[in-house]
Structure formats: structure tokens, C-alpha cells
Amino acid sequence: MFRVDCSRLRFLVIDDNGYMRRIIRTLLHGFGTREVFEAEDGAAGLESFATHLPDVVITDWSMPVFDGIELTKMIRQPDTSPNPFVPIIMITGYAERNRVFEARDAGVSEMLVKPISAKGLYARIAKVVLNPRPFIRTEHYFGPDRRHLVKADQYKTRGAASSFLSSATGNA
Amino acid sequence: MIEQEIVGDGTVAQDFGDTRVIHMGGSLRAKAAVRSQDAGGVDEMSIAAADAAMKDLSGDFQNWMGDEVNRLIAAYENFRDAPPNERDVSPLFRAAHDIRGQAGVFGYPIAAEIAGSLSKLLDNIEPDYLPIQLISHHVDSVKAIYRNNIRDYANPVATQIIHNLRKAIDKVVQARQKAMMEELRFRRTV
């Protein structure tokens, strides 16, 4: 069994609300993280993303001018982004089904609906670090596989790649 | 024929026609995963440390909630006092939405529920049709919850406030939907 050592990870937190940033930073420091960068809107977040190259991005959805969905779409540009594969955890007050689908279709890795808790945040970080989903690239989408429950076996059935994948990723 | 290639860092890509599946090489896992004795890989010590850090911070929560409530009141007053054709609902929506998300952490779950109701109202009805009285009712309710330090759902005043608000909102939303349907029907017949 594995756990995540958060002291080895660099986080970028993007939220227009200073209190929310403070809460997330407090939780991350509690997990042992030393490197937490902050930005207060999507545009500043994108700049900070390119500068600091975080291991995990945590972003709010609703922000003025440039929101979390637009930010995610920018980060998931496979040909221009410094790291289009970075895990993106979206923390939001939106719990409605259509909103969840919208976030998923933008390329969000995991969602965490407010109110935020230490356990909930840790679970999302563990998921993106220990069990990341494969990425899909089509003409109209680039991001984590939108089918959350896909098993490695389902990819195997589509090709004879099983042993190759197992050895290459160590993660089949 | 399925093509596959190693694209670096242990990452493998498979092509299925116009779809490429990219299996990550696990570099992040290699960087941060450590063996654990905890059941289910949950790091109970880290979670307990984060909870303790939040508890230290919680002495500030009442003041922070006060700031958020004042922001909501100011946003509402600006919205209400602006000429109808110049009303911008965004600051009011964001203030309500922030309370919806944070008040639970601050220890005011009922205020979070009321603010959630307000943000849904602001999100679902076009600005020109927003009922000012109902918005005012929400803002006053959040204010009352905060000023009377009501944190418990067992409080009968809180229960009554939530019940009344829900009824009032349903009524407004249904009336608006009915008006829209009638407008649509009218347009089809013209």
C-alpha cells in the first residue's frame, strides 16, 4: 500500500478569494508540503503555472475575467502548454451534474465540492498521484480519460499491448 | 492495426484511429509515493496534522465570515441601487457563491445553504427578471444568521427561514418558467 509524501510535491493554488487560498495553503502545509504558490485569478495562475511548473494545480471554478474552466482549457493545450498532463483539482461550490460534466469536458482531473476538508483534499491528491487516469487525445479533446472507471483491461482488449504496457508503465 | 510507441519517461501512447490513449509513465508517482502501513493508503497522520492546522486557524473564522457577509451586503446594495439597465449581477453572485462554499468551513452551514439558494437564483434567472425582494430576503437571512450566531440546524428560527425561502424561490422560478413557455407559445402562433 502507498501513500503520498506531499513534501515532495509543488502546488499551485488559484482562487480569487484570499480566505480560501489561506485555508487550502494551511491544509497543504499540514500535509507536509513546503512549496505552495498562489494566484488570485486565472490569468495570473497561468503565468505562475509557466514560471513554477507545479506538480499539482488546485483551482477554483468561479473567478472574475478568466475562470477555472478557461484556465484548465489553456493548460490542456497539448502543443503549447508547458505541462498539459499536470493534474488539475477543481475546488468549487458547484455540485450540479451539468457543472461536473462541464469541468470533466474541460480536462479537470478531480473535483472537490466545498466545504473543503483535509480528508477530501488528501483523497483527491492521492488519486491524481497514485492512480492517474490515462490521457486521451482526439481532434476535439485533450485531457484525462473522461470515463472514471476505465480499467487497464479495457485498453488491453483493444490491442495486444498488455504486457508491453505493464512493463513500460509499471502500473497496469 | 493499433500503433503504440514509448514517448519518453516511461509514457506509452496507443493509437486507435483518430484517438490517442496516453498512459502516463508514473513520474509523479515515482516522485511522491511512499510505502504505507495505513489501511487503504490513507495517510491518517497527515490528515490529522492538517485538521490541527485548520483548528489553529479557526480562531479567525468568525471575523472572516463577517467580512464575507459585509461583502454580500455591499454587493446587494450596489445591485439594488444601480439603474436597471446598468445592473451587474456578477459581484453579487460571487459574494453569494463564496459564502455558499466557505460558510460551512467557517462554522455557519445554514448561512451556506441560504447563500447557495441565492446563488442558484442569480444563476437561473435573467438579470432583468430577478426579484429584488427575494434577493433582499436572502441577504437579510444570511445577515441574521451571522449576527445571531446561529450555527445549528436544530434552531427553529433557522429552520423556518430556510423553509420560507425555498417556497418563495420555487414560486418565482415556476412563474418565470411559465412566462417563458407562454412567450414561446405566443411566438409560435404569430
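Residues numbered from 1 in each chain as written. Chains lettered and ligands numbered in written order. Predicted model: local features only at pLDDT ≥ 70, side-chain atom pairs only at ≥ 80, totals over all residues. Heavy atoms only, no water.

1. Observations regarding the environment of B:Ala48
Residues and elements named next belong to chain B. As for its placement among the helices and strands, Ala48 is situated in helix α2 (residues 44-57). Among the residues examined, Ala48 registers a relative accessible area of 44% and is labelled partly exposed. With 17 residues separating them along the chain, Ala48 and Met65 place their C-alpha atoms 24 Å apart. (Helix = DSSP H or I, 4+ residues; strand = E, 2+ residues; numbered from the N terminus. Buried < 20%, exposed > 50% of the residue type's maximum accessible area, 1.4 Å probe, protein only.)

2. Re the sheet that holds strand β3 (residues 35-39) of chain A
Residue and element names in this part refer to chain A. Reading across from one edge, β3-β2-β4-β5-β6 is the order of the five strands in this open sheet, with parallel pairing throughout. At either margin of the open sheet sits one strand with a lone partner, and together these are β3 and β6 (110-113). Recorded for the sheet is a direction-independent mean angle of 20 degrees between the axes of neighbouring strands. As judged from the five bridges shared by strand β2 (residues 10-14) and β3, these two strands associate in the parallel manner. Across the sheet, residue Ile14 finds its bridge partner in β3, namely Ala39. In the packing of helix α2 (residues 42-52) onto the sheet, contacts are made with β2, β3 and β4 (56-60), and the angle to β2 comes to roughly 170 degrees. Strands β2, β4 and β5 (88-92) of the sheet are contacted by helix α3 (residues 68-75), whose axis makes an angle of about 175 degrees with β5. (Pairing = 2+ DSSP bridges. Axes fitted to C-alpha atoms, helices over the stretch in contact; angles between N-to-C directions. Contact = heavy atoms within 4.5 Å.)

3. Considerations on the packing of helix α3 (residues 61-81) of chain B against helix α6 (residues 132-147) of chain B
Residues and elements named next belong to chain B. Between α3 and α6, whose axes approach to 10 Å, the crossing angle comes to 160 degrees. Judged by the inter-axis angle, α3 sits roughly antiparallel to α6. By crossing handedness, the relation of α3 to α6 is classed as left-handed. Between α3, through Gln62, Met65, Gly66, Val69, Asn70, Leu72, Ile73, Tyr76, Phe79 and Arg80, and α6, the contact on the second element is made entirely by Ile132, Ile135, Ser136, Val139, Val142, Lys143, Tyr146 and Arg147. Its residues assigned to classes, the contact of α3 with α6 comprises 11 nonpolar, four polar and three charged. (Parallel < 35°, antiparallel > 145°, perpendicular 65-115°, else oblique. Left-handed = near helix turned anticlockwise from the far one by under 90°. Nonpolar A, V, L, I, M, F, W, Y, C, P; charged D, E, K, R; others polar.)

4. Quick notes on the interface of chain A and chain B
Counting residues at the interface gives 54 residues for chain A and 53 residues for chain B. Of the roughly 5100 Å² buried between chain A and chain B, counting both surfaces, carbon and sulfur atoms make up 63%. The residue A:Arg3 makes a salt bridge to B:Asp43 at a minimum N-O spacing of 3.3 Å. If you look at where chain A meets chain B, you find 15 residue pairs in polar contact (both at pLDDT 80 or more). Among the secondary structure elements, those contributing two or more residues to the side of chain A that touches chain B are β1 (2-4), α1 (18-30), α5 (118-130), β7 (135-137) and α7 (162-169) of chain A. Here the side of chain A that touches chain B takes seven residues from α1(A), the largest share from any one element. Taken together, the residues of the side of chain A that touches chain B sort by class into 30 nonpolar, 10 polar and 14 charged. The pairing of β1(A) with strand β4 (residues 33-35) of chain B spans three bridges and is classified as antiparallel. Looking at β4(B), one finds that A:Phe2 is bridged to B:Arg35. (Buried area = accessible area lost by both parts, 1.4 Å probe. Salt bridge = Lys/Arg side-chain N within 4 Å of Asp/Glu carboxyl O. Polar contact = N/O pair within 3.5 Å; in protein donor to acceptor, adjacent residues only side chain to side chain.)

5. A short note on the packing of aromatic side chains
Aromatic rings in a pair are described by how distant their centres are and how their planes are angled relative to each other. Overall, the coordinates contain 10 aromatic pairs over all chains when judged by the stated rule. For the pair A:Phe85 and A:Phe142, a centre-to-centre distance of 5.5 Å together with 65 degrees between the ring planes defines the contact as edge-to-face. Of this pair, A:Phe85 sits in the loop between α3 and β5 while A:Phe142 is found in strand β8 (residues 142-144), placing the two residues 57 residues apart along the sequence. Classification of A:Phe142 by relative accessible area gives buried; the value is 8%. Look at B:Tyr108 and B:Tyr146: their rings are 5.6 Å apart centre to centre, the planes differ by 55 degrees, and that puts the pair in the tilted class. On the criterion of sequence distance, the pair formed by B:Tyr108 in the loop between α4 (90-106) and α5 (109-124) and B:Tyr146 in helix α6 is long-range, its members being 38 residues apart. The pair formed by B:Tyr108 and B:Tyr146 is uniform in burial state, with each residue classed as buried. Through successive ring pairs, a cluster of aromatic residues spans A:Tyr19, B:Phe61, B:Trp64 and B:Phe106. Taking the ring centre of B:Tyr129 as reference, the NZ or CZ of B:Arg176 above it sits at 3.6 Å. (Phe/Tyr/Trp six-rings, centres within 6.5 Å; stacked < 30°, edge-to-face > 60°. Lys NZ or Arg CZ within 6 Å of the ring centre and 35° of its normal.)

6. What about α5(A)?
For α5(A), built from 13 residues, the straight-helix expectation of 18 Å at 1.5 Å per residue is met to within 8% by its first-to-last C-alpha distance of 18 Å. Within α5(A) the residues assigned to the buried category are A:Ala118, A:Gly120, A:Leu121, A:Tyr122, A:Ile125, A:Ala126, A:Val128, A:Val129 and A:Leu130. (Expected span 1.5 Å × (residues − 1).)

7. What about unusual backbone geometry?
Of note, the bond from A:Lys114 into A:Pro115 is cis; its omega dihedral lies within 30 degrees of zero at 5 degrees. Relative to the helices and strands, A:Pro115 resides in the loop between β6 and α5. Of note, A:Leu53 is a non-glycine position whose phi angle comes to about 45 degrees, a positive value. Here A:Leu53 shows up in the loop between α2 and β4. Look at B:Asn149: it is not a glycine, yet its phi comes out positive at around 55 degrees. Tracing the chain through its elements places B:Asn149 in the loop between α6 and α7 (156-189). A relative accessible area of 39% means that B:Asn149 is categorised as partly exposed.

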